[in-house]
Amino acid sequence: MPKNHSTRPPRKPLYTAEERARRDATKWTLVQGLLAPVQFLAFAVSVVLVLRYLATDQGYLAATVSILIKTFLLYLIMITGAIWEKVVFGQYLLAPAFFWEDMISFAVIALHTGYLIALWTGVLGPVGEMVLALTAYVTYAVNAAQFLWKLRLARLDAMVQA
């Protein structure tokens, strides 16, 4: 039985040797590696609190505080991620290897910032704020999946190069 060979050209590695060396040498890789699971934990707790509020009309303050914590962590990881990209790729954002991840990150930031504006102005009311937060969270989940995929690709590249 003949082997099924793909006609697609081989994928370009995520990092050049120089970029990989910079990635491995910078403290910002560790910072990102620590912040990402902390942000995900804040996200998971917040989703539960937001859904609880929407289901029971109780716990608005807890849900709101959890969203604010998640948003703070998002801003922190975005700032430190931009620094990481500058160190590794020579530009603060939109490096070709992470272009689409950064683009979706902008949408995530915009939705979280929209939540902050809605909270501050009261324009959406409590239920509208929570729905907006959940919309931001769905977008964040897509973005997190993108970064997990890139982490997997980087590991596959490392196995090939080893």
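Residues numbered from 1 in each chain as written. Predicted model: local features only at pLDDT ≥ 70, side-chain atom pairs only at ≥ 80, totals over all residues. Heavy atoms only, no water.

> Explain the environment of Gly 90 here, please?
Within the secondary structure, Gly 90 sits in the loop between helix H3 (60-89) and helix H4 (99-121). Look at Gly 90 and you get partly exposed, because its relative accessible area is 46%. (Helix = DSSP H or I, 4+ residues; strand = E, 2+ residues; numbered from the N terminus. Buried < 20%, exposed > 50% of the residue type's maximum accessible area, 1.4 Å probe, protein only.)

> How should I be thinking about the side chain of Gln 32 in this particular structure?
Following the sequence through the fold, Gln 32 ends up in helix H2 (residues 27-56). With relative accessibility at 19%, the residue Gln 32 sits in the buried group. Ignoring any residue separated from it by four or fewer positions in sequence, one finds Gln 32 in contact with Ile 77, Thr 80, Gly 81 and Trp 84. (Contact = heavy atoms within 4.5 Å.)

> How should I be thinking about the pattern of salt bridges in this particular structure?
If charged atoms from side chains of opposite charge come close, those side chains can pair. By the definition in use, this model includes two salt bridges. Two residues, Arg 23 and Asp 24, come together in a salt bridge whose shortest N-O distance is 2.8 Å. Asp 24 gets classed as exposed once you look at its relative accessible area, which sits at 52%. A salt bridge links Glu 101 to Lys 150; the shortest N-O distance between them is 3.3 Å. You can see Glu 101 sitting in helix H4 and its partner Lys 150 sitting in helix H5 (residues 125-161), a full 49 residues away along the chain. For the pair Glu 101 and Lys 150, one class covers both residues: buried. (Salt bridge = Lys/Arg side-chain N within 4 Å of Asp/Glu carboxyl O.)

> Would you mind going over the layout of surface pockets with me for this structure?
Take a probe with the size of a water molecule and roll it over the atoms, and the empty space left behind shows itself. The volume enclosed by the largest pocket comes to roughly 900 Å³. The wall of the largest pocket is formed by 31 residues, among which Gln 32, Gly 33, Ala 36, Ile 77 and Phe 147 lie closest to the centre. Mapped onto the lining of the largest pocket, the elements with two or more residues apiece are H2, H3, H4 and H5. Here the lining of the largest pocket takes 10 residues from H5, the largest share from any one element. (1 Å grid on protein atoms, 1.4 Å probe; cavity = no way out; pocket = protein on both sides within 12 Å on 5 of 7 lines; lining within 4 Å. Points joined across faces, edges and corners; volume = space filled by probe spheres on them.)

> Honestly, H4 in this entry has me stumped. Any pointers?
Every α-helix carries 3.6 residues per turn, so stepping three or four residues along brings you back to the same face. Taking 1.5 Å per residue, 23 residues should reach 33 Å; H4 reaches 33 Å between its end C-alpha atoms and fits that length. Within H4, the full set of buried residues consists of Glu 101, Asp 102, Ser 105, Val 108, Ile 109, His 112, Tyr 115 and Ala 118. Downstream of H4 by one or two residues, Gly 122 has phi in the positive range, about 75 degrees. (Expected span 1.5 Å × (residues − 1).)

> Mind showing me how you'd approach the environment of Val 138 here?
Within the element layout of this structure, Val 138 appears in helix H5. Relative accessible area serves as the criterion here: at 55%, Val 138 is assigned to the exposed category. In this structure, the C-alpha to C-alpha distance between Val 138 and Val 108, residues 30 residues apart in sequence, is 8.9 Å.

> Looking at this structure, how should I read the nonpolar core?
Within soluble globular proteins, side chains that are nonpolar generally end up buried alongside one another. If you look at the biggest cluster of nonpolar residues, it comprises 20 residues, and the most contacted ones within it are Ile 67 and Met 130. Ranked by residues supplied to this core, first place goes to H5 with seven residues. Of all hydrophobic cores here, the second largest spans nine residues; its members include Trp 84, Val 88, Phe 98 and Ala 154. (Core = buried A, V, L, I, M, F, W, Y, C linked by side-chain atoms within 4.5 Å.)

> Explanation requested: the packing of helix H1 (residues 17-25) against H3 in the structure shown.
Packed helix pairs are specified by the crossing angle of their axes together with the interaxial distance, meaning the distance between the axes. Relative orientation of the contacting elements H1 and H3 amounts to 135 degrees, with a least axis distance of 8 Å. In this view, H1 runs oblique relative to H3, as classed from their interaxial angle. Counting all contacts with H1, which are made through Glu 19, Arg 22 and Arg 23, the residues of H3 involved are Trp 84, Val 87, Val 88 and Phe 89. Among the residues making up the contact of H1 with H3, the classes are represented as four nonpolar, no polar and three charged. (Axes fitted to C-alpha atoms, helices over the stretch in contact; angles between N-to-C directions. Parallel < 35°, antiparallel > 145°, perpendicular 65-115°, else oblique. Nonpolar A, V, L, I, M, F, W, Y, C, P; charged D, E, K, R; others polar.)

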